[in-house]
Amino acid sequence: MILSWSESGDPLDWTGAWYLWVIIGIGFAYPLLMMRGKTVTCGVDWLMYNRKSWVNTYELNEVKVTKYAGGYHITLKDTSGRGIMLNLRTVQELPYLWDYVYLGIMHSVVYGGARTNNEAVRRLKLPRPVT
């Protein structure tokens, strides 16, 4: 590919290679297919992800934020044993949804003693646990 460019002098010579278009197409289609059907809904005291798993945000016993290549994941576990993990940006994109979720998280940390990690304290501006 690069060799043919240097020989022909045409910088668009690579566009004639069909296999490169397949790779480019997969590169664009993969993120769209992975996001398809992912829904986040919430109520006053619950958060549901992908119509399958949900947590009671006012009864959380664990709040963790972890870094990954594309951003941050938030993991929430409640006292009934339910748990969800999703992209933090997904929840924060809708301010009215994030307000409900954040109030539940804050309540669980302050009044319920939910465990947090350093990244959750830093990213979500949560109070540090009293030890």
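Owing to the predicted nature of the structure, the values given are computational and were not obtained by experimental measurement.

A. The pairing of strand β2 (residues 46–49), seen in detail. Residues of β2 alternate between two faces, with L47 and Y49 buried on one and W46 and M48 left unburied on the opposite face. Relative to β2, strand β1 (residues 40–42) is paired through 3 bridges, and the arrangement is antiparallel. In the strand pairing of β2, C42 is matched with L47. In sequence, β1 turns back onto β2 through a hairpin of 3 residues. With 4 bridges joining them, β2 and strand β3 (residues 53–56) adopt antiparallel strand pairing. Residue pairing for β3: M48 is matched across the bridge by W54.

B. The arrangement of the sheet that holds strand β4 (residues 60–68) in detail. In spatial order, the strands read β6-β5-β4-β7; together these 4 strands make up an open sheet with mixed pairing. Here the strands that pair on one side only, and so sit at the sheet edges, are β6 (83–87) and β7 (115–116). In this structure, strand β5 (residues 71–78) lies alongside β6, joined through 5 bridges in antiparallel fashion. Counted as the bridge partner of T75 is M85 from β6. Across the sheet, helix α4 (residues 95–110) touches β4, β5 and β7, and the angle it forms with β4 is around 120°.

C. Spotlight on the side chain of E119. For E119, the position within the fold is in helix α5 (residues 118–124). Of the residues examined, E119 reaches a relative accessible area of 17% and is grouped as buried.

D. Spatial organisation of the sheet that holds β1. If you trace the 3 strands from one edge of the open sheet to the other, you get β1-β2-β3, paired in antiparallel fashion. Each edge of the sheet is formed by a strand with only one pairing partner; in this case those strands are β1 and β3. Direction aside, the axes of adjacent strands within the sheet are offset by 15° on average. Running at roughly 60° to β1, α4 makes contact with β1 and β2 of the sheet.

E. Representation of the pattern of salt bridges. A full pass over the atoms with the stated rule returns 5 salt bridges. Where E62 meets R115, a salt bridge forms, and the shortest distance between an N and an O atom there is 3.0 Å. Here E62, found in strand β4, pairs with R115, found in strand β7; they are 53 residues apart in sequence, far enough to count as distant. Judged by relative accessible area, E62 falls into the buried class, the value being 9%. Here E119 ties to R122 by a salt bridge, and the two come within 3.0 Å at their closest N and O atoms. Note that E119 and R122 are positioned in helix α5 at a spacing of 3 residues, about one turn of the helix. One connected set of salt bridges, linked through shared partners, spans E62, K64 and R115.

About the criteria used
- Residues numbered from 1 in each chain as written.
- Predicted model: local features only at pLDDT ≥ 70, side-chain atom pairs only at ≥ 80, totals over all residues.
- Heavy atoms only, no water.
- Buried < 20%, exposed > 50% of the residue type's maximum accessible area, 1.4 Å probe, protein only.
- Helix = DSSP H or I, 4+ residues; strand = E, 2+ residues; numbered from the N terminus.
- Pairing = 2+ DSSP bridges.
- Contact = heavy atoms within 4.5 Å.
- Axes fitted to C-alpha atoms, helices over the stretch in contact; angles between N-to-C directions.
- Salt bridge = Lys/Arg side-chain N within 4 Å of Asp/Glu carboxyl O.

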